[in-house]
Amino acid sequence: IEIRDKQHEAENANLYGHASSVADPSALYGFAVGDMNAVGDAIEFTGMNAGGNLKLRYTSDSAGTLSVYVNGMKKQKLPFVATSVGQYGEAQISLEIPANAEIKLQNDSGDSATAALKIDSIESIGGYAANLTYEAENAILSGGALAVTDGSFSGGCKVSSLPAQSAVEFPK
């Protein structure tokens, strides 16, 4: 089982100030968050995966910055460049993100975000357990779950026979 990073959609985040969810057919699921051009406007994502980088998917008519907070502490600015009209781009920064963190992107004094900025999603990537591959056959198997040899799977085994009440548990 490969554990992949999880993308957090902006329209499901906590919104502050004038930030609001807007329909956008170019956004991944048809919605994005806009109206973040005033000081104090913010979007907050909860339950982030651990990682070493933060990736933002956005569109904007001009370059700018937003301040990044991790669990309520201001960490740094996230710079982004202008994108083509209707096209989403990505901005990424190196940032230590603990498991289950709250990440807030906020327009602080000194930041520069225009009304055309729309945020589609953020993602925690790289580092930590978020990018590790766990072999299921090395997990704690219970309730009748069995590891069997199968050369077509990574590690040469697979977990088979998962009757009701069985489990495959990966240590934290």
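The structure presented is a predicted model; accordingly, all values stated were derived computationally and were not measured. Residue positions within a chain follow its written sequence, with the count starting from 1. Local features in this predicted model are restricted to residues of pLDDT 70 or higher, and side-chain atom pairs are both shown and tallied only at a pLDDT of 80 or more, whereas totals for entire chains, interfaces and linings draw on every residue. Excluded from the side-chain calculations are hydrogens and water; all other atoms, namely the structure's heavy atoms, are used.

1. What to know about the overall build of the chain
Phase 1: The secondary structure content of the chain amounts to zero helices and 15 strands.
Phase 2: For the chain, the residues scored as buried account for 39% of the 172 residues in total.
Phase 3: The contact criterion used throughout is that any non-hydrogen atoms of two residues lie within 4.5 Å. Within the chain, counting contacts between residues at least 6 apart in sequence, those at least 24 apart form 67% of the total.
Phase 4: As presented, the chain carries roughly 9000 Å² of accessible surface, and 51% of it is formed by carbon and sulfur atoms. The way it works is that DSSP assigns letters per residue, a run of H or I at least four long becomes a helix, a run of E at least two long becomes a strand, and they are numbered from the N terminus. Think of it in three bands: residues with accessible area under 20% of the maximum for their type are buried, residues over 50% are exposed, and the middle band is partly exposed, with areas taken using a 1.4 Å probe on protein chains only. All accessible areas in this document rest on Shrake-Rupley with a 1.4 Å probe, and a residue is counted as covered only by the protein chains that are shown.

2. What to know about the side chain of Ser166
Phase 1: Inspection of the secondary structure puts Ser166 in the loop between β14 (157-160) and β15 (167-169).
Phase 2: Here the side chain of Ser166 touches Pro163 through a polar contact of 2.6 Å, landing on its backbone oxygen.
Phase 3: Residues within four places of Ser166 in sequence aside, it is in contact with Ser142, Gly143, Gly144 and Ala145. Contacts described as polar in this section are N or O atom pairs within 3.5 Å, which, within protein, must combine one atom able to donate a hydrogen with one able to accept it, while residues neighboring in sequence count only if both atoms come from side chains.

3. Description of the pairing of strand β8 (residues 73-80)
Phase 1: Summarising the sheet, strand β7 (residues 64-70) and β8 pair through seven bridges and their orientation is antiparallel. Bridging across to β8, Thr65 finds its partner in Pro79.
Phase 2: Strand pairing is assigned whenever DSSP detects at least two bridges linking the two strands. Between β7 and β8, which follow one another and run antiparallel, lie two residues, and Asn71 among them has a positive phi close to 50 degrees.

4. Regarding the side chain of Asn107
Phase 1: In this fold, Asn107 is placed in the loop between β10 (101-106) and β11 (118-125).
Phase 2: At 2.8 Å, the side chain of Asn107 forms a polar contact with the backbone oxygen of Met36.
Phase 3: Here Asn107 is in contact with Met36, Asn37, Ala38, Val39, Gly40, Asp41, Leu66 and Ala113, once residues within four sequence places are set aside.

5. Concerning the nonpolar core
Phase 1: Throughout, nonpolar core names a set of buried Ala, Val, Leu, Ile, Met, Phe, Trp, Tyr and Cys residues whose side chains join them through atoms within 4.5 Å. If you look at the biggest cluster of nonpolar residues, it comprises 27 residues, and the most contacted ones within it are Ile43, Leu54, Ile103, Leu105 and Ile119.
Phase 2: Elements that contribute at least two residues to this core include exactly β5 (42-48), β6 (51-59), β7, β8, β9 (89-97), β10 and β11.
Phase 3: Ranked by residues supplied to this core, first place goes to β9 with four residues.
Phase 4: Not counting chain neighbours up to four residues away, the residues in contact with Ile43 comprise Ala10, Ala13, Asn14, Leu15, Val33, Met36, Ile103, Lys104, Leu105 and Ile119.

6. What to know about the environment of Pro25
Phase 1: Tracing the sequence through the fold places Pro25 in the loop between β3 (20-23) and β4 (31-34).
Phase 2: Look at Pro25 and you get exposed, because its relative accessible area is 81%.
Phase 3: Residues Pro25 and Gly86, spaced 61 residues apart in sequence, show a C-alpha to C-alpha distance of 9.0 Å.

7. So, the pairing of β10
Remark: a regular strand shows side chains that alternate across the two faces of the sheet.
Phase 1: The sheet contact formed by β5 and β10 spans five bridges and is antiparallel. Across the sheet, residue Phe45 finds its bridge partner in β10, namely Ile103.
Phase 2: One ladder, built from four bridges, connects β7 with β10; its direction is antiparallel. For Tyr69, the partnering residue across the bridge sits in β10 and is Lys104.

8. Considering the environment of Lys55
Phase 1: Within the element layout of this structure, Lys55 appears in strand β6.
Phase 2: A C-alpha to C-alpha distance of 9.7 Å links Lys55 and Leu95, two positions 40 residues apart in sequence.
Phase 3: Apart from the residues lying within four places of it in its own chain, the contact partners of Lys55 are Glu90, Ala91, Gln92, Ser121, Ile122, Glu123 and Ile125.

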